[in-house]
Amino acid sequence: MSIPENLPSTARPPRWRWLLPRIALAVLASLALFVVALGAVPVGLMRGLVEERLSVALKTHVQVGAITRDGVFSYTPIVSVRDVRIAQPAWAGAGDFVRVGTARVRVPVFALLFGTFRPDRVTIDGARIVLIRDADGRANWQPEGPKSRTADSTGLSLSDLAVTNTQIVLRDAKRSLMIAGPLSVDSTHGLRLSATGSFLNSPVTLDLTGGRITGIDPAAPYPFAATLASPVLHMTATGQMNGVLDTRHFTAAIAAQAPTLKNIDRIIEAGLFGTQAVAVTGTIRHNGRDWYVDRIGGRIGRSRFTGVATVHKINQRTAIDARLHATHFDFDDLADANGQAASAQRQAAIGPRVIPPTRINLSKLWKTDGTIRFSADHLLAKGGTVFRSLSGTLSLDHRLLTASNIVATLANGRMTGTARVDHRSGLPKLSLDLRLAGLTLEGLIGQPEIVGGQVRGHIVLSGQGDTVREALSHASGKAAMVATQGHVKRLVADVLGQNLSGAVIHAIEGPSQQVPLRCLVANFSATDGVLVPHPLGIDTGSSVGRGAGRIVLDGERIEVTLAGTSKSRALLRIADPIRIGGTLSAPTVSVAGAGTTDKPTPGALLKVFGRSLGQALGITRTPPDIPIPPPASFGCASAVATALALNTKKERPGKPDRPFL
């Protein structure tokens, strides 16, 4: 048997087949060594790096005495940091922001490696934390750059926290709150902070309590309670956070009492104003940057109210959506003692006024938008008010405030319309478009035996100023009121028609007789705060009257004259027309130079009779400054239609009324 000479050679395996396993083995070995090294990393070598990184992040000097770890090998070592000092930022002055004797933190190595490190077990001993905020709101605990935390961020992931021998100091110049006190957290009593100090230059105490943080689920509801007690504010909050120390997500029941709402606003910083004494209770929720007032109710002065609201933070702006209902409401309650004293001082200097000095400057609301729907069942006023209830909707959009769907009811009738304040540039501009309907003269005047009738009105005015009073003192537009289908006392109609003989006869024979009131039209056009009638006329069953003059809103001065004629032959006419003067709050009426009251004096009647008789006999003459001769007639239908018309462009404001039709 022979062996072939050319046997096929055996194929050698490729080189990569044995190289790849060796590479894989080397990589796995390296990873294993790296993982093992992570469990035994010498943290003491990181002290310089920690100081540098924290100094850059906090923009202040950070000093760390020592960093050590418990045990030689662990993937969740306990790292101890000693003698930590974080200096105050330069604007806050000298001293330390944070000083810590010892802090022990459990560090999950792999979480730290992948950037998801959140300590779950922390022990702090011998710390002092000084929180500072200046009058402009700059705080040392807030980053000066853009905020990186989102609304969805949650609180700490702590399952265990212990704090001993620690002091908290708060110096908040914007709130006028300065307090200091010990903070402790242990497994027996939970969280405790008891601080004392001053608030608005009055003594104050702050007590804060929370649940135990020992072996708990960090995401479980965490109970808390806080009480701030001071002569100028007593405020409590009891509720639960969505997780341990998650101050951005919580629900709480609150109660507060203070001499003014402004004191409460010092704490919550919602842009509120000074008021009379306030006591409120409610339930609130905080979710990220947004607030939800699920229920609120209480009193401010004599006012009683309930409501709900949401407050959303959108970029740098605040959006409010609220509904408020008051069973009783007094506008005077919206001013504190200082505001009322200033108002009383102004009134003492200029006298009583009808137009309110309500401030309409919106410069402090440039970051606020929103909608508030309000209603008040009973309006109160110290001097009484003709208005019974009020409702409407307030909308604010970039300093454009609109009060729409206004409904103000009176004893009979109501006022409806809109009001707008535009403060997007320059001085605030006030615009009013209001209508009166369903009113009666007897209800307004309160003397149905003298005059009665159905009243309607239309007010369209606009002007600029920081207050309602200032804006209307420069207003232009129209203000009209008409009365129809009524009655007037015969004696009053005789005086209006300047029929002295008729007035004497009816005063003797029928002092209670009445005649129809066909119409009363007061249609004023306004230019720069001066109201001029176009026209001012009265038509009764026995007389016709026409007026001229003006009403100056700056000072609320009335300068109006009424001249009339009788529809029947007058044996003796009253010499002079009726003059109406004084102010809107205290008008005066005179006939032939004699003042009129509910019970005219014999001397005044004798003076009127003497002047009228002298003119009739030619002994005295009518003074040449009488502005209007007696009218012969008055067109009620056209005058009423013009006064109540929506289109005011056809009117000619500022031009005096014609003497007669």
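Residues numbered from 1 in each chain as written. Predicted model: local features only at pLDDT ≥ 70, side-chain atom pairs only at ≥ 80, totals over all residues. Heavy atoms only, no water.

**Regarding helix α11 (residues 636-643)**
Restricting attention to buried positions, one finds in α11 the residues C636, A639, V640 and A643. Projection of α11 onto a plane perpendicular to its axis shows the buried side chains occupying an angular sector of 95°, all on one side. Of the exposed residues in α11, the ones pointing more than 90 degrees away from its buried face are A637 and S638. Looking at the buried side of α11, the elements it contacts are β21 (451-464), β22 (476-489), β23 (514-527) and β24 (530-540). (Buried < 20%, exposed > 50% of the residue type's maximum accessible area, 1.4 Å probe, protein only. Helix = DSSP H or I, 4+ residues; strand = E, 2+ residues; numbered from the N terminus. Arc of directions from axis to C-beta. Contact = heavy atoms within 4.5 Å.)

**Let's talk about helix α4 (residues 261-268)**
Turning to α4, its buried residues number three or more, namely L261, N263, I264, D265 and I267. Residues of α4 that are buried make contact with β7 (190-199), β9 (222-230), β10 (233-241), β11 (249-258) and β12 (278-287).

**Some words on the environment of P77**
Along the chain, the position of P77 falls in the loop between β1 (62-69) and β2 (78-87). With 28 residues separating them in the primary sequence, P77 and V105 have C-alpha atoms 8.3 Å apart.

**What about the packing of aromatic side chains?**
Tallied over the full model, the rule gives three aromatic pairs. For the pair F224 and F250, a centre-to-centre distance of 5.8 Å together with 85° between the ring planes defines the contact as edge-to-face. In this pair, F224 sits in strand β9 while F250 sits in strand β11, placing the two residues 26 residues apart along the sequence. In terms of burial, F224 and F250 fall into one category: buried. When the centroid spacing of 5.8 Å and the interplanar angle of 80° are considered together, the rings of F250 and W291 count as edge-to-face. Note that F250 is positioned in strand β11 and W291 in strand β13 (residues 290-300), a separation of 41 residues in sequence. The class for W291 is partly exposed, based on a relative accessible area of 32%. Within the aromatic cluster, the residues linked to one another by ring pairs are F224, F250 and W291. Between the NZ or CZ atom of R285 and the centre of the ring of Y292, over which it lies, the distance is 4.5 Å. (Phe/Tyr/Trp six-rings, centres within 6.5 Å; stacked < 30°, edge-to-face > 60°. Lys NZ or Arg CZ within 6 Å of the ring centre and 35° of its normal.)

**A short note on the nonpolar core**
Core analysis: the biggest nonpolar cluster contains 69 residues, and L233, L430 and L472 have the highest contact counts within it. Considering every element that reaches this core, the biggest residue donor is β23, with six residues. The contacts of L472, once residues within four sequence positions are left out, are I355, L430, L432, L461, G529 and L553. Counting 33 residues, the second-largest nonpolar core is a separate cluster that includes V84, L158, V163 and V293. (Core = buried A, V, L, I, M, F, W, Y, C linked by side-chain atoms within 4.5 Å.)

**Focus on the pattern of salt bridges**
Counted under the stated rule, the structure contains 20 salt bridges. The partner of D172 in a salt bridge is R175, with the nearest N and O atoms 2.8 Å apart. We note a salt bridge from E269 to R175, for which the minimum N-O separation is 3.9 Å. Note that E269 is positioned in the loop between α4 and β12 and R175 in the loop between β5 (160-172) and β6 (177-186), a separation of 94 residues in sequence. (Salt bridge = Lys/Arg side-chain N within 4 Å of Asp/Glu carboxyl O.)

**Re the pairing of β6**
Two strands pair when backbone bridges link them, and β5 and β6 are joined in this way by eight bridges, in the antiparallel orientation. From the neighbouring strand, D172 faces β6, where its bridge partner is L177. Once β5 ends, the chain turns through four residues before running back antiparallel as β6, passing S176 with a positive phi of about 55°. Where β6 lies against β7, eight bridges are found, and the strand directions are antiparallel. In the sheet register, S184 faces β7, and the bridge partner there is R192. The antiparallel pairing of β6 with β7 creates a hairpin that spans three residues between the two strands. (Pairing = 2+ DSSP bridges.)

**Some details on the confidence of the model for the protein**
Caution is warranted with low-pLDDT regions, since their predicted coordinates should not be read in detail. Looking at the protein as a whole, the pLDDT averages 82, with 77% of positions reaching at least 70. Per-element averaging of pLDDT across the protein places helix α10 (residues 602-616) at the bottom with 50 and strand β8 (residues 202-210) at the top with 98. Low pLDDT (under 50) marks residues 647-661, which in the prediction has 34 contacts with non-local residues, meaning those over four places away or in another chain. (pLDDT = per-residue confidence, 0-100.)

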